[in-house]
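# Inside the fold
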Amino acid sequence: MLLQLKGISKRFGGLIAVNDVSFSIGEGEIVGLIGPNGAGKTTLMNLISGSLKPDAGTIGFNGHTISGEEPHRICRRGISRTYQIPRPFPDMTTLLNVSVGVFCGKKRSHMSLGDAMLDASHCLEFVGLFGKRNMLARDLSLFELRALELARALATTPRLILIDEVMAGLNQAESRRAIRLIRKVVEEYHVTIVWIEHVMKIIMEATQRVEVLHYGEIIASGSPHAVINDSQVVEAYLGEKIA
Amino acid sequence: MVRIEHKRALLVVRIGDKKFEWPIETRYWRNPLLGIVCLALLPIVFSGQPDLISLFATANIYACIAIPLGWQMTGIGRLNFGPQFFVGIGGYTAALISVHFGWGPWETLPVAVCAGLVFGVMFSPLTTIAKGLYFSLVTLILPLIFLEVTYYFRVFQGETGLYGITPLVMVDNIKTEYLITGFLSLLMLIIFLFVVHKVLTSRIGLFAAAINDDEEVANNLGLNIKRWKILCFVATSVMISVTGWFAAHYFGTFAGVTYLQLPFMLKILLMVMIGGRGDIYGAIYGAYFVVILEKLLTVFGTVHYILFPLILMILLFTLPEGLYGIYRRHRYREYYPTIRVRKR
């Protein structure tokens, strides 16, 4: 198993955001993480990436315990992420944004800035942003920002990418492009993906397995079709059965 | 063996096996070599007027505080309201050793560097511990505490300060002495500019930009922000201490009332902001602008104490990106740090 969560809990004062969450993810899987707003999905993602420290439980990645480690160390181990609301470095160009990921993702003490920018160019070309490499990140459209985040995550040469609601705010055409891009990432980079998403159609099409969070707890786990037919999930999240 | 080659817009210097390249900026208005040549001509042009050469040296000293400060504010992502604390560290170290032991400037220099290093390391945890505005508040208070220490302990000679500090150079002709020290101040400026430019155009500059823009994201991308913030703070503190050392030996006297109070801090911060919000070349424009403006306003008598900060505040509102921002509008794609007031 690549990623193992055992009994992970996190509370903010009196609010229990994540409560005794345990699941495992194998290498090469695309796992969806769904749940209503406030279920604790992004908190769980922050716990895995190291932005937050769990109050209880352990997170194991590739045989190492990473719970409690600094985020930069977790990234160096091979976990990268995107953000629900895109967070580029706004005053830097697209190319420099990705160059930061190239330098910092792995120990590359002898790499020059020029070499890093060359590597970054490859990542940008992969996501289709090479033509906008000299544009400031703050001038990009929403889809381009999402592509930039993906390129920056790929630049760190991860084994696991945490994708947080990549479809939010995209129209149908952009959503289809985003799915094709993520499929291309999986095929060419052989990464494992944990994907938070609200768009059920995407989850049904793109993921192999789904974990459902509700009030910080896992209430269902399994294939997308099995999950959407689970009565607890229907009650908590979906509202009515999808045929 | 040293060989110098000129290839179109590139100057190549070969020293033995090593090759160093220096791109020649063909646009004259932003050519640093041309700028340095112009600055170097100033003391020669004004060689008969020691007061103007003193003004020139003062502007260079101020620029040598503003240049590392610009790097520091980007590299730690926080506003430092007390860079003059390290001017005081370097200046008082040089002054105390020179006055009490008779050491010359080149002997007090390594001691001033060590003092800057020790205090830089001592206060560097502030960059990682002090969140949001607290870093700015603590750095605002540090020089004021230092000032009170200089009043309390007699060794610092209180308001009078330390005098009789060995000068940088001693020649018989006073005008020649002013000229040489003016060029020494320019040399210090060039060295600082070269070092900071090389740093900021390397991976370290990229890390500094990432930390300034969004340190949480930089951390999640694998950047050890604590290490780079501490390194940046310590390196820039040492540089500012060296400026304090220079000021002590240049003026022959060093008093906390001149350097550690809020008006001096205001001047430095305004140089950084008016020159171009953390831009290192803009800091030179800012330093000369502030020094010349201050000198011109003295013709109005004591009212210049009110006029000077008032004019600078008006400029801050009318030129939000500083003087360098006027040029910067044509170079939109270059990295331009945003000085942020962080809540966390």
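Residues numbered from 1 in each chain as written. Chains lettered and ligands numbered in written order. Predicted model: local features only at pLDDT ≥ 70, side-chain atom pairs only at ≥ 80, totals over all residues. Heavy atoms only, no water.

Next up on the list: the sheet that holds strand 8 (residues 192-196) of chain A. Residues and elements named next belong to chain A. Pairing within the open sheet is mixed, and its six strands lie in the order 6-7-8-3-9-10. Every other strand in the sheet has two partners, leaving strand 6 (79-81) and strand 10 (217-222) as the edge strands with one partner each. When strand polarity is set aside, the average angle formed by the axes of neighbouring strands in this sheet is 20 degrees. Examined bridge by bridge, strand 7 (residues 160-164) and strand 8 share five bridges and lie parallel to one another. Bridging from a neighbouring strand, Leu162 pairs with Val194 of strand 8. In the packing of helix 6 (residues 172-189) onto the sheet, contacts are made with strand 3 (30-34), strand 7 and strand 8, and the angle to strand 8 comes to roughly 155 degrees. (Pairing = 2+ DSSP bridges. Helix = DSSP H or I, 4+ residues; strand = E, 2+ residues; numbered from the N terminus. Axes fitted to C-alpha atoms, helices over the stretch in contact; angles between N-to-C directions. Contact = heavy atoms within 4.5 Å.)

We now examine the pairing of strand 7 of chain A. All names here are of chain A. For strand 7, the buried fraction is high: five of the five residues fall into the buried class. Burial along strand 7 is two-sided: Leu160, Leu162 and Asp164 and Ile161 and Ile163, pointing in opposite directions, are all buried. As paired elements, strand 6 and strand 7 share three bridges and run parallel to each other. Following the sheet pairing, Arg81 is matched in strand 7 by Leu162. Handedness of the crossover is the feature at issue here: the chain leaves strand 7, passes through helix 6, returns alongside strand 8, and the resulting connection is right-handed. (Buried < 20%, exposed > 50% of the residue type's maximum accessible area, 1.4 Å probe, protein only. Right-handed = clockwise from strand over helix to strand, strands pointing away.)

A few words now on the packing of aromatic side chains. Each aromatic ring pair is characterised by the separation of its centres together with the angle its planes make. Considering all chains together, one arrives at 22 aromatic pairs over all chains under this definition. On the numbers, 5.0 Å between centres and 80 degrees between planes, the contact of B:Tyr92 with B:Phe156 is edge-to-face. Placement of the pair is B:Tyr92 in helix 3 (residues 84-101) and B:Phe156 in the loop between helix 6 (134-152) and strand 4 (162-163), with a sequence separation of 64 residues. On the basis of relative accessibility, which here comes to 2%, the residue B:Tyr92 falls in the buried class. Centre to centre, the rings of B:Phe254 and B:Tyr259 are 4.6 Å apart; their planes meet at 5 degrees, and the pair counts as stacked. The burial state of B:Phe254 is the same as that of B:Tyr259; both residues are buried. The side chain of A:Arg133 reaches across the aromatic face of A:Phe130, ending 4.2 Å from its centre. (Phe/Tyr/Trp six-rings, centres within 6.5 Å; stacked < 30°, edge-to-face > 60°. Lys NZ or Arg CZ within 6 Å of the ring centre and 35° of its normal.)

All names here are of chain A. Strand order in the open sheet made by the four strands is 2-1-4-5, with antiparallel pairing throughout. Of all strands in the sheet, those with a lone pairing partner are strand 2 (15-25) and strand 5 (64-65), marking the two edges. Across seven bridges, strand 1 (residues 3-12) lies against strand 2 in antiparallel orientation. Its bridge partner lying in strand 2, Phe12 is registered against Leu15. Contacts between helix 1 (residues 41-49) and the sheet are confined to strand 1, strand 2 and strand 4 (56-61), with strand 1 contributing the most and set at about 115 degrees to the helix.

Think of interface size as the accessible area that goes away when the parts come together; that is how it is often given. The partner chain A presents 33 residues to the 26 residues of chain B that form the contact. Counting across the interface, chain B meets chain A through three salt bridges. Ionic pairing is found between B:Asp214 and A:Arg87, a salt bridge with its closest N-O pair at 3.0 Å. Our count for the chain B to chain A interface comes out at eight residue pairs in polar contact (both at pLDDT 80 or more). In terms of residue count, the dominant contributor to the side of chain B that touches chain A is helix 8 (residues 203-220) of chain B (12 residues). (Salt bridge = Lys/Arg side-chain N within 4 Å of Asp/Glu carboxyl O. Polar contact = N/O pair within 3.5 Å; in protein donor to acceptor, adjacent residues only side chain to side chain.)

Moving on, we get to a nonpolar patch on the surface. Together, B:Val299, B:Phe300, B:Val303, B:Tyr305 and B:Ile306 give the surface a local cluster of nonpolar side chains, amounting to about 580 Å² of exposed area. For B:Val299, a relative accessible area of 68% translates into the label exposed. (Patch = residues over 30% accessible without salt bridge, like charges linked within 9 Å, V, L, I, M, F, W, Y side chains within 5 Å. Areas by Shrake-Rupley, 256 points an atom, 1.4 Å probe, with all protein chains shown as cover.)

It is worth spelling out the domain arrangement of chain B at this point. All names here are of chain B. One can read the domain layout of chain B as domain 1 (1-45) and domain 2 (48-330). Taken over C-alpha atoms, the centre of domain 1 sits 26 Å from the centre of domain 2. With 10 residues of domain 1 at the interface, the matching set in domain 2 holds 13 residues. Carbon and sulfur atoms make up 77% of the surface buried where domain 1 meets domain 2, a total of about 1,100 Å² over both sides. (Domains from an automatic or database assignment. Buried area = accessible area lost by both parts, 1.4 Å probe.)

All right, on to unusual backbone geometry then. Positive phi values are uncommon outside glycine, yet A:Asp20 reaches one of about 55 degrees. Along the chain, the position of A:Asp20 falls in strand 2. Note on A:Asp20: relative accessible area 52%, which makes it exposed. If you check the backbone angles, B:Gln157 has positive phi at about 65 degrees while not being a glycine. The topology assignment puts B:Gln157 in the loop between helix 6 and strand 4.

Time to look at the environment of B:Thr128. Within the secondary structure layout, B:Thr128 lies in helix 5 (residues 126-129). Among residues more than four places away in sequence, those in contact with B:Thr128 are B:Lys226 and B:Ile230.

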